Amino acid sequence: MNTAGDAARADAAAGRRGFWPWLLQRVSGLFLAYFVIVHVVMLHFLREGEIDASGVAERLRESTTMQAFYAVFVVLVVFHAFNGLRGIALDHVSSASGTRAVRVTVWALGLAIVIYGFVVLHALTGLRS
Amino acid sequence: MVAWVRGMIDEVRLNLSPGVLAWALHRVTGILLAFYLLAHLAVLGTSLGGAGGFDAAMGGLRSPFFLFLESAIVVIVAYHMFNGVRVMIIEFAGLTRQQRQLFRLVVGGAVSVMAFTGWVFFARVLA
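As the structure is a computational prediction, the values presented were derived from the model and not from experiment.

Caption draft 1: Local environment of the packing of aromatic side chains. Under the defined criterion, the tally for this structure stands at 14 aromatic pairs over all chains. Relative to B:Phe92, the ring of A:Trp22 lies with its centre 5.7 Å away and its plane at 55 degrees, an arrangement referred to as tilted. Highlighted residues: A:Trp22 in helix H2 (residues 19-44) and B:Phe92 in helix H4 (residues 64-92), drawn from two different chains. A residue is classified by how much of its surface remains accessible, and A:Trp22, at 30% relative accessible area, is partly exposed. Taking the centre distance of 5.2 Å and the plane angle of 70 degrees together, the rings of B:Phe65 and B:Phe66 count as edge-to-face. The class for B:Phe66 is partly exposed, based on a relative accessible area of 34%.

The following block contains the structure:
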């Protein structure tokens, strides 16, 4: 079923996505593999008992490295998620207006969620029980 | 939405091969992880209302149902991560001809993670 038409459409779709979104998806993905593993190992293997507010706040307050880790994590994961969703959307949208709608939606939602992530990270750091 | 799902199923059915299976699973797990990211942030967002709300939310997630979902997320992350590395190896190391063997490694890795996660899940639920 791999006809010339399919190949041409795939090339056009790849072209619409651009070089930088393609490369940055790989770079962010590679970093995320590290961040996700460190995150899961820290929370589920290097820690005893249930996750609660005082523990979360203590770990974050104790170290700026930890705060920086999660600040970068938020940016990386939201970028990777929305760049990925953008790629999927562009497989189904090809008109100029549709492409613009995808770009605006992805940037608006992505930025809003990064800001929300920072606000939540700040709240978690300041938790007092 | 229904058309999209039907399109994905047709894509896999008509072009069935390790490559198209890897692609479809990567896409589906990616979408699931995007939703999980939002849910994860929403749960952590209870911290905006103070420690009491946060601890209540975390307590609500300790049921076997949420523990199962959490276990599923671990397996979904594992597949997406392993296949992402496979895609990068194919692209940057020029190993397109080895992509089927690499897919077998990805599935093997994901199944291993599933076995471990399943063991942890049942150990905790039955404990």
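Caption draft 2: Broad picture of helix H5 (residues 96-125) of chain A. Its 30 residues place the ends of H5(A) 43 Å apart at the C-alpha level, agreeing with the 44 Å of an ideal helix rising 1.5 Å per residue. Three or more residues of H5(A) are buried, namely A:Gly98, A:Val102, A:Val106, A:Gly110, A:Ile113, A:Val114, A:Gly117, A:Val120, A:Leu121, A:Ala123, A:Leu124 and A:Thr125. Packing partners of the buried residues in H5(A) comprise helix H3 (53-62) and helix H4 (64-90) of chain A together with helix H2 (18-44) and helix H3 (51-60) of chain B.

Caption draft 3: Structural context of a nonpolar patch on the surface. Together, A:Ile37, A:Val40, A:Val41, A:Phe45, A:Leu46, B:Phe116, B:Trp119 and B:Val120 make up a nonpolar patch on the protein surface, roughly 770 Å² of accessible area in all. Every element with two or more residues in the nonpolar patch is listed here: H2 of chain A together with helix H5 (99-126) of chain B. Looking at the secondary structure, you find A:Val40 in helix H2. Owing to a relative accessible area of 30%, A:Val40 belongs among the partly exposed residues under this scheme.

Caption draft 4: Layout of the side chain of A:Arg26. With respect to the helices and strands, A:Arg26 occurs in helix H2. Assessed through its relative accessible area of 16%, A:Arg26 is described here as buried. A distance of 3.2 Å separates a polar atom in the side chain of A:Arg26 from the backbone oxygen of A:Trp22. For A:Arg26, the contacting residues outside a window of four places in its chain are B:Val87, B:Met88, B:Glu91 and B:Phe92.

Definitions and cut-offs
- Residues numbered from 1 in each chain as written.
- Chains lettered and ligands numbered in written order.
- Predicted model: local features only at pLDDT ≥ 70, side-chain atom pairs only at ≥ 80, totals over all residues.
- Heavy atoms only, no water.
- Phe/Tyr/Trp six-rings, centres within 6.5 Å; stacked < 30°, edge-to-face > 60°.
- Helix = DSSP H or I, 4+ residues; strand = E, 2+ residues; numbered from the N terminus.
- Buried < 20%, exposed > 50% of the residue type's maximum accessible area, 1.4 Å probe, protein only.
- Expected span 1.5 Å × (residues − 1).
- Contact = heavy atoms within 4.5 Å.
- Patch = residues over 30% accessible without salt bridge, like charges linked within 9 Å, V, L, I, M, F, W, Y side chains within 5 Å.
- Areas by Shrake-Rupley, 256 points an atom, 1.4 Å probe, with all protein chains shown as cover.
- Salt bridge = Lys/Arg side-chain N within 4 Å of Asp/Glu carboxyl O.
- Polar contact = N/O pair within 3.5 Å; in protein donor to acceptor, adjacent residues only side chain to side chain.

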